[in-house]
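# A look at the structure
Each chain, written out:
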Amino acid sequence: GTAGYGGCSSGYQLTYDSVFKALENNFRRFDTAEAEGWYCQEAVGTALRDYTAKRVIDEADKGIDISVDEAMLEEALENADDNASFDPMSAMGGMAGGMGGMGGAMGGMGGGGGQMDEKQQRKLEREQERARKKAECEKDPSKCDEATARTMNKAPPRHEKISCASLRLRISSKIAPYDVTSSDNIRKHAEKTRKQLLGFCDMFSIRSAIAKGDGSMPEPFPLDVYYLHAPECWEGWHPKCETGEEMTMSLREAWEAMELVKKDKNAVKIGLSNVSEEELQDIIDFVKERWAKSMETGEPTNAIMPHVIQNHADPLEPNIDMRLLCQENGIDFVSYSTLGTQQEFNEEGENPVLTDAVVKKMAEKYERSEAEVVLSWALQSGMSVIPRSQDEEHIKQLSNLITDPSFVSWEDLDEIDTISIE
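Residues numbered from 1 in each chain as written. Predicted model: local features only at pLDDT ≥ 70, side-chain atom pairs only at ≥ 80, totals over all residues. Heavy atoms only, no water.

### Let's talk about a negative patch on the surface
Our working rule: Put simply, a patch holds well-exposed residues, over 30% relative accessible area, that have no salt bridge, with like charges counted together within 9 Å and Val, Leu, Ile, Met, Phe, Trp or Tyr side chains within 5 Å. Methods summary: accessible areas were calculated by the Shrake-Rupley approach with a probe of 1.4 Å, and residue burial reflects only the protein chains presented. When a carboxyl oxygen of Asp or Glu lies within 4 Å of a side-chain nitrogen of Lys or Arg, that pair is called a salt bridge. Note on charges: Lys and Arg go in the positive column, Asp and Glu in the negative column, and His and the chain ends are not counted at all. Every charge is mapped onto a representative atom, which is NZ of Lys, CZ of Arg, CG of Asp or CD of Glu. To qualify as a helix, a DSSP run of H or I must reach at least 4 residues; to qualify as a strand, a run of E must reach at least 2; elements of each kind are numbered from the N terminus. Buried residues are those whose accessible area, probed at 1.4 Å on protein chains only, stays under 20% of the maximum for their type, while exposed residues exceed 50% and partly exposed ones sit between those limits.
On the surface, Glu277, Glu278, Asp321 and Glu422 cluster together to form a negatively charged patch. Within the element layout of this structure, Glu422 appears in the segment after α15 (410–417). Classification of Glu422 as exposed rests on a relative accessible area of 56%.

### Digging into the environment of Ser166
Just so we agree on the cut-off: Here a polar contact is recorded for every N or O atom pair within 3.5 Å, except that within protein the pair must consist of a potential hydrogen donor and a potential acceptor, and residues adjacent in sequence are included only if both atoms are side-chain atoms.
Position of Ser166 relative to the elements: it lies in the loop between α6 (146–151) and β2 (170–175). A distance of 2.8 Å separates a polar atom in the side chain of Ser166 from the backbone nitrogen of Ser163.

### Topic: the side chain of Asn274
To be explicit about the condition: Contact criterion: two residues are considered in contact whenever any of their non-hydrogen atoms come within 4.5 Å of each other.
Within the secondary structure layout, Asn274 lies in the loop between β4 (267–273) and α10 (277–297). Here the side chain of Asn274 touches His229 through a polar contact of 2.9 Å, landing on its backbone oxygen. The residues contacting Asn274, other than those within four sequence positions of it, are His229, Ala230, Pro231, Trp234, Trp237, Glu279, Gln310, Asn311 and Tyr336.

### A closer look at the sheet that holds strand β1 (residues 29–31)
Selection criterion: Here a strand pair is declared whenever DSSP counts at least two bridges between the two strands.
On the basis of which strands lie adjacent, the open sheet formed by seven strands has the order β1-β2-β3-β4-β5-β6-β7 and parallel pairing. The two strands at the open ends of the sheet, each matched to only one other strand, are β1 and β7 (384–385). Both strand β5 (residues 308–312) and strand β6 (residues 332–336) contribute to a ladder of five bridges, which runs parallel. Along β6, the bridge assignment pairs Gln310 with Val334.

### Comments concerning the side chain of His189
Following the sequence through the fold, His189 ends up in helix α7 (residues 183–198). Within the structure, the side chain of His189 is placed 3.0 Å from the side chain of Glu34, a separation counted as a polar contact. Residue contacts for His189: discarding those within four places in its chain leaves Glu34, Ile175, Asp179 and Tyr226.

### A few points about the packing of helix α12 (residues 357–366) against helix α13 (residues 370–380)
Note the following rule: Throughout, an axis means a line fitted to C-alpha atoms (over the contacting stretch in the case of helices), and angles, computed between N-to-C directions, take values from 0 to 180 degrees. With respect to orientation, any angle under 35 degrees is reported as roughly parallel, any angle over 145 as roughly antiparallel, any angle of 65 to 115 as roughly perpendicular, and every other angle as oblique. Following the grouping adopted for this structure description, the nonpolar residues are Ala, Val, Leu, Ile, Met, Phe, Trp, Tyr, Cys and Pro, the charged ones are Asp, Glu, Lys and Arg, and the polar ones are all others, Gly among them.
Packing of α12 against α13 brings their axes to within 8 Å, and their N-to-C directions diverge by 105 degrees. The angle between the axes of α12 and α13 places the two elements in the roughly perpendicular class. Taking contact as the criterion, the partners of Val359, Lys360, Met362 and Ala363 in α12 are, on α13, Glu370, Val373 and Val374. For the contact of α12 with α13, the per-class residue count stands at five nonpolar, no polar and two charged.

Next comes the structure, spelled out in structure tokens:
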């Protein structure tokens, strides 16, 4: 998670450093949001880009080929200009900033719009050059460059190259309720956020399309989840929620717009955050009503059940009823503030979750930290978690859960459940 570091004016470096350290310790899923002053998406996106660039450069240093056919790259970039939801040039430029000389060499290729006759001329020249290379390749395979050989299916299998897909990056964000004012605005925010966080990944989509050699269009690399951050703009919830009326759409109307975010391919999944059980049930009913109508009339529908709910849960307040509702409807539950940061600290300023006697006993028994015990409890209870830390040692400690998330026995999980105050 990246909450609590502050907006870009105060928390840029802290956010960047925390994300980069987490990436170096094998974390690949990150959660952020658009809410100004609370999060800095720019820093998250830059850290993701710089880490990926570092991995690409490390791969090149090992002698692994990362080249692409320049003519095919230019053609892919030109073709992509016609795709309004895809901005490959900004992606290439951003990557170039993180990749130094190598990125600059690739960034110089895009060409740009120009007139149609100029494009046709370049296309003709590329086709002539490909024909020349292909004839040369057929005549003497030893002179066959790899890009040409790949199009002729004569190249040996290549090492799986570093990309956002191969790194398994899964990035989620949320639209603030004060921006939930129209369907178009929700969709525009989702697209803008995707580009800010993962626009550099589109470069790899171009490379993948080129490798196929079938003229297919590159697709943008999507967010993992895009959430509605809150069901309404409660007065005082955020500095921009001044009157409580800034969110001008009903939750049902907003959900219909979120369904289009998925259709736009700006996110793989869509979800809700900070909703009540009644609000979630209403959206479930709304989706099912439209499914039933579609079955009855034969008319297609965009209706999609929420994929994910992100709400607070910790051992003291495990949010059992909401989790059961999610489970009954095939909805994933992501817990925030799992380590007790939403709880009222005692007079000594101690966290009541991490200092609970049962949690401390389990930490001593398993020789793990209290935080690891609580997060293991959550993971084994069917939740996903988004802990955050700026301390490198703590990040390394939490990374143990990536390979060993289920170290607490079922009997001990039951004992941790007994500390609930619900």
